[in-house]
Amino acid sequence: MSVVEDTTQEHLENAEHAEHAAHEGNPFLITVSATIAVLAVLAATVGSFESLETAEAINDKSEASYLQNKASDQWAFFEAKSIKKNSYEIAAAMGGANTDAFRADAKRNEDDGVAIQARATELEKQVDEKLRDSEIRARRHHILTLATTLLHVSIAIATLSIIMRGRRWPWIGSLVLGAMGIIAAGFAYV
């Protein structure tokens, strides 16, 4: 059974407990049932944010790799232009009928190299930005995982109030854990 099926099964079991509580007509158990429903919605929402952050962290890392490859290509192109410039400078230094053409080719390769170097440097900055973004998203993912876990545990503990026929301490505990889960989710984006 997959994690998604486990989670779905867990929600169905909690809903079944809530349904039984509603049939008993006990107002407190109905309140607990409503609490479970709200906590389940919050857990699903925070879980969705967690999944989105994970996907974006992976995407940012992938883009950083792609940009790093482009930067490496630009640096290789820069080196090639530098070698050509040096070759033309050597040829120009030897003199002869093509000296002016060799100097012009050396200058053109030097100018091209400056533009290529600027492009490579810009790509490296973009790589750094993507890696920084990925780290931020990975940190969010970890915090949201904790928040989702707290919300799931709060649902399970709230269910104990129903199973224990109206005991209040599990419900209060679930509210505390649920609040902690929401606060943790908020900290993911601070």
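Attention here is on the structure that accompanies the text. (Residues numbered from 1 in each chain as written. Predicted model: local features only at pLDDT ≥ 70, side-chain atom pairs only at ≥ 80, totals over all residues. Heavy atoms only, no water.)

What about helix H3 (residues 99-163)?
Part 1: Helix length check: H3 (65 residues) gives 95 Å between terminal C-alpha atoms against 96 Å at 1.5 Å per residue, within 8%.
Part 2: Arg-165 sits one or two positions beyond H3 and adopts a positive phi of about 55 degrees. (Helix = DSSP H or I, 4+ residues; strand = E, 2+ residues; numbered from the N terminus. Expected span 1.5 Å × (residues − 1).)

Side note on the packing of aromatic side chains
Part 1: A full pass over the atoms with the stated rule returns 4 aromatic pairs.
Part 2: For the pair Phe-49 and Tyr-189, a centre-to-centre distance of 6.3 Å together with 75 degrees between the ring planes defines the contact as edge-to-face. With Phe-49 in helix H2 (residues 27-93) and Tyr-189 in the segment after helix H4 (168-187), the pair connects residues that are 140 residues apart, well separated along the chain.
Part 3: Ring geometry for Trp-75 and Phe-78: centres 5.7 Å apart, planes at 90 degrees, overall edge-to-face. Of the two residues, Trp-75 and Phe-78 both sit in helix H2, 3 residues apart, roughly one turn of that helix.
Part 4: Classification of Trp-75 by relative accessible area gives partly exposed; the value is 24%.
Part 5: Residue class for Phe-78 comes out buried when judged on its relative accessible area of 19%.
Part 6: The ring of Phe-28 is capped by Arg-168, whose NZ or CZ atom sits 3.9 Å from the centre of that ring. (Phe/Tyr/Trp six-rings, centres within 6.5 Å; stacked < 30°, edge-to-face > 60°. Buried < 20%, exposed > 50% of the residue type's maximum accessible area, 1.4 Å probe, protein only. Lys NZ or Arg CZ within 6 Å of the ring centre and 35° of its normal.)

Some thoughts on the pattern of salt bridges
Part 1: Following the criterion strictly, the structure yields 10 salt bridges and no others.
Part 2: The shortest N-O distance in the salt bridge between Arg-140 and Glu-53 comes to 3.5 Å. Within this pair, whereas Arg-140 is found in helix H3, its partner Glu-53 is found in helix H2, the two being separated by 87 residues in sequence.
Part 3: The closest approach of N and O atoms between Glu-89 and Lys-85, which form a salt bridge, is 3.5 Å. On the criterion of helical spacing, the pair formed by Glu-89 and Lys-85 is a turn pair, its members being 4 residues apart in helix H2.
Part 4: Judged by its relative accessible area of 36%, Glu-89 falls in the partly exposed class.
Part 5: What emerges from the salt-bridge pattern is a single network uniting Glu-53, Asp-60, Glu-63, Lys-130, Arg-137 and Arg-140. (Salt bridge = Lys/Arg side-chain N within 4 Å of Asp/Glu carboxyl O.)

Re the environment of Asp-128
Part 1: In this structure, Asp-128 sits in helix H3.
Part 2: Given a relative accessible area of 43%, Asp-128 falls into the partly exposed group.
Part 3: Each C-alpha atom, one on Asp-128 and one on Ala-64, is 7.5 Å from the other, the two residues being 64 residues apart in sequence.

A look at unusual backbone geometry
Part 1: The phi dihedral of Arg-165 is positive, around 55 degrees, even though this residue is not glycine.
Part 2: Examined against the element boundaries, Arg-165 turns out to sit in the loop between H3 and H4.

So, the packing of H2 against H3
Part 1: At a closest axis distance of 5 Å, the pairing of H2 and H3 adopts a crossing angle of 165 degrees. One element, H2, and the other, H3, form an angle in the roughly antiparallel class. Crossing hand, H2 versus H3: left-handed.
Part 2: Of the residues that constitute the contact of H2 with H3, the class distribution is 34 nonpolar, 19 polar and 22 charged. (Axes fitted to C-alpha atoms, helices over the stretch in contact; angles between N-to-C directions. Parallel < 35°, antiparallel > 145°, perpendicular 65-115°, else oblique. Left-handed = near helix turned anticlockwise from the far one by under 90°. Nonpolar A, V, L, I, M, F, W, Y, C, P; charged D, E, K, R; others polar.)

Points about the environment of Arg-165
Part 1: A residue is classified by how much of its surface remains accessible, and Arg-165, at 59% relative accessible area, is exposed.
Part 2: Arg-165 sits 139 residues away from Asn-26 along the chain, and the two C-alpha atoms are 9.2 Å apart.

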